[in-house]
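# Report on the structure
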Amino acid sequence: MRMQKLAAQIKDAAKKLLEEKKVDLVVGFAEGSLPLRGTPLFARTPEEADKLTWNRGCENNLANYLRKREGKVAVVAKGCDVRSIVALVKENQINRDNLYIIGVPCSGMIDRKKVNQLVGGKDVLEIEDNGDTVVIKGKDFSETARVADLLHNSCQDCRYGNPVVYDELIGELLPEKGEDDFAEIKEFEAKTAAERRAYLAEEFSKCIRCYACRNACPMCYCEECFVDCSTPQWIGKSAADIQDNILFQAVRVFHSAGRCADCGACERACPMGINLRLLTRKLVKDVKELFNAEAGVNMEDKAALATFTADDPEPFLVKE
Amino acid sequence: MIVSKKEIPSFLDKLISDYQVFAPVQKGSYTLFKQICSGTDAVLDGGITKLPVKEIFFPQSEKLFSYNVTNEGAKLEAPVDDRKKVVFGVRPCDARSLTLLDNVFNNDKYQDPYYLTRRNNTILVGIGCNSPASTCFCTSVNGGPFDTKGLDLLLVDTGDAYVVEPVSDKGKELAEKAGFAAASDADKAAAAKVKEEAVVSCRVNTDGLKAKLDVNFYDPIWDRIHEKCLGCGACTYLCPTCHCFDIVDDAVDCNGCRVRNWDSCAFPLFTLHGSGHNPRSTNKERYRNRIMHKFKYFVDNFNEIACVGCGRCIKNCPVNMDIRVVLEDIRGSEARLDS
């Protein structure tokens, strides 16, 4: 019920903005073609805004569609979308004056891969959202599961479900959660170098270099990505080389250090199920520990790697 | 003929001594076609594999030749893979995709030795689809859950056994050599019943689509239809019929090799000219090309739609860009049929 109510409020807000010509475009979600799947929608008229919705499948980070936009734009934004928007405003990719943020507090999106696993890969035809539980239905089965168990890992780890900045808030703010403990990153750090290398080699043997991770990431917006450069060619183009696959991801992750909002868009986009957040979160953890900084959590802080203080820790300098 | 499911591993083990045998194997939460060393590795009830079967014949990265230049001159090696193969557990949509790719790699103008040698040395054993997924639409694009096009043998799952239906002479020979028992009338009836009950409920109407694509290259619909597409290569790489490739030289000093890699029309490097000009410079042109190539150019060239309705692109698109919806939008658009 909560979701339907939010959907109606989003629709009303968007229609009003378009009718009053306060914005030229509303970027939000429409009902997708798969069970519990939202799909990005670009509404330019009140009629088109009628298709807007909100559900537990609105998993894409819409900040990705907002860079270098002409005209006034409104966006339906969850906590993670807003963090990316804030980071992009600081990087002059989004003009805050031309963006209207319809903030939606988010308690997490459902991971269809987890749903599929739960039902043993059977064809899911419908997912009924009952608040704290969902009923997963197929041809000859129906299974009830707790929403909390099916959320994306990124949503389970998320501490910023409430938008940190907005022009209008839909629904009510959610209670704050405790600190992220980065348990799985600490576990990975505790492994030997050989174990870590072996794990990464196994993960990146799955990579098909479709670049869905990069393209789904709101912070990956280089006009020419280093992997796409052909003169010179920085990296092998063949997906058969695991080292090249790791190199691609490592460079991508380092480039997003201090900028990554840990929205998990990369991992959700990956068709091959690679544990990409292991790398992105390692950097998120490092930046937090070194500089006590998190990307996009307020409008004031400068991005961690775009600023300098004399007492910045320098643990990477080897002391003799 | 009929073979019980219990006998399949030992049947595959026997094949492994004479052939390279490929079958779906479990990799995390999905299956992939891999060469197997033991018959028990094959996972035959896992639906369609994550990646299509094309990668066995047209690998994502393939060394076309290697070279080595010394004072004595240049030495060139062009290995062609002519090992005998059996691909076991192919779904009918994937098998049909190979008959479409045959048009590209074996036509009047060009015969590709790498692809063709593999094709000619491979026996394809298919398994029909008893319960097609909701994203499957093979019957809308000239296929079907028990379609035999491209297959040498078709297995029909009747519960504890597979009823074996030879399609080609190669398949018949393989089945006879394996010594499968004859299927009783009851077995045959069970297979017929399974086929009858396998319903592909999703229909995609392609009526009039080609006529529209013939004239709508400049239609404003292309300005909007691609809008949510991220421009990644997930749909093209997971597509059993996408076949665009890029050839690169990997060289260090005097040694090198020429490699053919899958390319994707979604990428900015796709059709980038040496001059720096790209006729498909934005996502709009690239997405249009994907649709045009499948539903117009391929039809113009080979009289077939380059889509087998496997649903991989639907299930795996990061933003739920659903080809069924896109085609319906195009069909429903007011394309200027008179221009």
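Residues numbered from 1 in each chain as written. Chains lettered and ligands numbered in written order. Predicted model: local features only at pLDDT ≥ 70, side-chain atom pairs only at ≥ 80, totals over all residues. Heavy atoms only, no water.

Take the packing of aromatic side chains next. Counted under the stated rule, the structure contains 18 aromatic pairs over all chains. Judged by centre distance (6.1 Å) and plane angle (70 degrees), the rings of Phe29(A) and Trp54(A) are edge-to-face. Taken together, the residues span a long stretch of sequence, with Phe29(A) in strand 1 (residues 25-31) and Trp54(A) in the loop between helix 2 (46-49) and strand 3 (73-77) at a distance of 25 residues. Look at Phe29(A) and you get buried, because its relative accessible area is 0%. With a centroid separation of 5.0 Å and an interplanar angle of 55 degrees, the aromatic rings of Phe11(B) and Phe180(B) are classed as tilted. Residue Phe11(B) is found in helix 1 (residues 8-18), and its partner Phe180(B) is found in the loop between helix 5 (169-178) and helix 6 (185-197); the two are separated by 169 residues along the sequence. Here a set of aromatic residues connected by ring pairs shows up, and it is made of Tyr211(A), Phe248(A), Phe57(B), Phe58(B), Phe105(B), Tyr115(B), Tyr237(B), Phe245(B), Trp262(B) and Phe267(B). Over the face of the ring belonging to Trp262(B) we find Lys54(B), whose NZ or CZ atom lies 4.5 Å from the ring centre. Its end group placed over the ring of Phe57(B), Arg119(B) keeps NZ or CZ at 6.0 Å from the ring centre. (Phe/Tyr/Trp six-rings, centres within 6.5 Å; stacked < 30°, edge-to-face > 60°. Helix = DSSP H or I, 4+ residues; strand = E, 2+ residues; numbered from the N terminus. Buried < 20%, exposed > 50% of the residue type's maximum accessible area, 1.4 Å probe, protein only. Lys NZ or Arg CZ within 6 Å of the ring centre and 35° of its normal.)

Moving on, we get to the interface of chain B and chain A. Opposite the 37 residues of chain B that make contact, chain A presents 39 residues. Summed over the three residues of chain B that lose the most area to chain A, namely Glu227(B), Leu230(B) and Asn320(B), the buried surface amounts to 18% of that side. Taken together, chain B and chain A are joined by 3 salt bridges. With a shortest N-O distance of 3.7 Å, Glu48(A) and Arg224(B) are connected by a salt bridge. Counting every contact that joins chain B to chain A gives 17 residue pairs in polar contact (both at pLDDT 80 or more). Listed by contribution, the elements that provide at least two residues to the side of chain B that touches chain A are strand 3 (30-35), helix 9 (234-238), strand 10 (245-252), helix 11 (312-316) and helix 12 (323-332) of chain B. (Contact = heavy atoms within 4.5 Å. Buried area = accessible area lost by both parts, 1.4 Å probe. Salt bridge = Lys/Arg side-chain N within 4 Å of Asp/Glu carboxyl O. Polar contact = N/O pair within 3.5 Å; in protein donor to acceptor, adjacent residues only side chain to side chain.)

Let us now look at the side chain of Arg252(A). Residues and elements named next belong to chain A. Here Arg-252 lies in helix 10 (residues 242-255). Although buried, Arg-252 forms no salt bridge, and the nearest oppositely charged side chain, Glu-267, lies 9.1 Å from it. Separated by 2.8 Å, the side chains of Arg-252 and Gln-249 make a polar contact. In this structure Arg-252 touches Cys-213, Arg-214, Cys-217, Cys-220, Cys-266 and Thr-280, once residues within four positions along its chain are discounted. (Lys, Arg positive; Asp, Glu negative; His and termini not counted.)

A separate point is the environment of Val21(B). Residue and element names in this part refer to chain B. Positionally, Val-21 belongs in strand 2 (residues 20-27). Classification of Val-21 as buried rests on a relative accessible area of 0%. Linking Val-21 and Leu-32, residues 11 residues apart in sequence, is a C-alpha distance of 13 Å. With residues up to four places along the chain from it excluded, the contact list for Val-21 reads Leu-12, Leu-15, Ile-16, Lys-34, Gln-35, Ile-36 and Val-86.

Residues and elements named next belong to chain A. Taking 1.5 Å of rise per residue, 14 residues should cover 20 Å, and helix 10 covers 20 Å from first to last C-alpha, within 8% of that figure. Buried residues of helix 10: Asp-244, Asn-245, Ile-246, Phe-248, Gln-249, Arg-252 and Val-253, and no others. Taken together, the buried residues of helix 10 touch helix 8 (193-204), helix 9 (212-216), helix 11 (265-269) and helix 12 (277-291). One side-chain oxygen at the N-terminal end of helix 10 lies 2.9 Å from the backbone nitrogen of Gln-243; it belongs to Asp-241. (Expected span 1.5 Å × (residues − 1).)

Once that is clear, we can look at the domain arrangement of chain B. All names here are of chain B. Considered domain by domain, chain B is made up of domain 1 (2-197) and domain 2 (209-332). Each of domain 1 and domain 2 has a C-alpha centre, and these two points are 26 Å apart. Taken together, the contacts link 36 residues of domain 1 with 38 residues of domain 2. Across the interface of domain 1 and domain 2, roughly 3,500 Å² is buried in total on both sides, 59% from carbon and sulfur atoms. The salt bridge involving Arg-312 is made with Asp-94; its shortest N-O contact spans 2.9 Å. The set of elements that each furnish at least two residues to the side of domain 1 that touches domain 2 consists of helix 2 (54-57), strand 4 (61-70) and helix 3 (92-105). Partitioning the side of domain 1 that touches domain 2 into residue classes produces 19 nonpolar, 9 polar and 8 charged. (Domains from an automatic or database assignment. Nonpolar A, V, L, I, M, F, W, Y, C, P; charged D, E, K, R; others polar.)

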